[in-house]
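Residues per chain are reported as follows:
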Amino acid sequence: MSLVQGIGLSILPHIGGITGSYFTRKNIKTWFVTLDKPSWRPPNWAFAPVWTTLYTSMGYASYLIVRDGIGESRKLALGLYASQLAINWIWSPVFFCWKKLGLATFLSNILAANIAACIYAFYPINKTAAYLLLPYLAWVSFATAVNFSIWRRNIKKNQ
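In what follows, the accompanying structure is described. (Residues numbered from 1 in each chain as written. Predicted model: local features only at pLDDT ≥ 70, side-chain atom pairs only at ≥ 80, totals over all residues. Heavy atoms only, no water.)

1. Points about the pattern of salt bridges
- In the structure shown here, the tally under the stated rule is 2 salt bridges.
- Between Asp-68 and Arg-67 there is a salt bridge, with its nearest N and O atoms 2.7 Å apart.
- For Asp-68, a relative accessible area of 30% puts it in the partly exposed group. (Salt bridge = Lys/Arg side-chain N within 4 Å of Asp/Glu carboxyl O. Buried < 20%, exposed > 50% of the residue type's maximum accessible area, 1.4 Å probe, protein only.)

Listed below in structure tokens is the structure:
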């Protein structure tokens, strides 16, 4: 694998993040500010640097799997990686554009489980790749709790 491929795979997750920010930005100042949110949620400014770090880490982890994996284990690991990336990318439009808080909570739970499965599949191929996904799993687990709280606090508003 070349340096260019490593950089490309490290950048790939950002495509969905940038696209997702399109749906997020215009609704943060209009719809999101009206929601009842828990006091323990992170401030809005924290999301961009956190997601930039997480997307780069998960992208580099995928590069390590592409580079070091072989056969069916590589195919399974990359299949799980692709599916978690798709779920991740669809979450922002579901939450911010379609305003489906319950569905977003469901997707966030599925995403956390998928990331855990991804870590499990990555570990035998490249331990560093698996470890790179641990902060991502922690953040998504926390974000799932925030998502659930926002959904429950606003259930009547969004019916």
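2. Some thoughts on the packing of helix α4 (residues 101-122) against helix α6 (residues 134-153)
- For the pair α4 and α6, the least separation of the axes is 9 Å and the interaxial angle reads 160°. Looking at the two axes, α4 sits roughly antiparallel to α6. Considering the relative orientation of α4 and α6, their crossing is left-handed. Contact with α4, carried on its side by Leu-101, Gly-102, Ala-104, Thr-105, Ser-108, Asn-109, Leu-111, Ala-112, Ile-115, Ala-116 and Ile-119, involves Leu-134, Tyr-136, Leu-137, Val-140, Ser-141, Ala-143, Thr-144, Asn-147, Phe-148, Ile-150 and Trp-151 of α6 and no other residues of that element. (Axes fitted to C-alpha atoms, helices over the stretch in contact; angles between N-to-C directions. Helix = DSSP H or I, 4+ residues; strand = E, 2+ residues; numbered from the N terminus. Parallel < 35°, antiparallel > 145°, perpendicular 65-115°, else oblique. Left-handed = near helix turned anticlockwise from the far one by under 90°. Contact = heavy atoms within 4.5 Å.)

3. Details of the side chain of Asn-126
- Mapped onto the secondary structure, Asn-126 falls in the loop between α4 and α5 (127-132).
- At 2.6 Å, the side chain of Asn-126 and the side chain of Asp-68 are in polar contact.
- The residues contacting Asn-126, other than those within four sequence positions of it, are Leu-64, Ile-65, Arg-67 and Asp-68. (Polar contact = N/O pair within 3.5 Å; in protein donor to acceptor, adjacent residues only side chain to side chain.)

4. Here's the deal with the nonpolar core
- In this structure, Trp-51, Met-58, Phe-95, Phe-122, Leu-133 and Tyr-136 are the most contacted members of the largest nonpolar core, which totals 40 residues.
- Within the residue set of this core, elements represented by two or more residues are α2 (47-68), α3 (71-97), α4, α5 and α6. (Core = buried A, V, L, I, M, F, W, Y, C linked by side-chain atoms within 4.5 Å.)

5. Quick look at the environment of Trp-91
- On the secondary structure map, Trp-91 appears in helix α3.
- Sequence separation between Trp-91 and Leu-101 is 10 residues, and the spatial gap between their C-alpha atoms is 9.9 Å.
- The contacts of Trp-91, once residues within four sequence positions are left out, are Phe-96, Ala-104, Leu-107, Ser-108 and Asn-147.

6. What to know about the layout of surface pockets
- Approximately 910 Å³ is the volume found for the largest pocket.
- Around the largest pocket, the lining comprises 33 residues; the ones closest to its centre are Thr-24, Phe-47, Trp-51, Ser-92 and Phe-96.
- Of all the elements in the fold, those that place two or more residues in the lining of the largest pocket are α1 (3-28), α2, α3, α4 and α6.
- Sort the elements by how many residues they give to the lining of the largest pocket and α1 lands first, with 9 residues. (1 Å grid on protein atoms, 1.4 Å probe; cavity = no way out; pocket = protein on both sides within 12 Å on 5 of 7 lines; lining within 4 Å. Points joined across faces, edges and corners; volume = space filled by probe spheres on them.)

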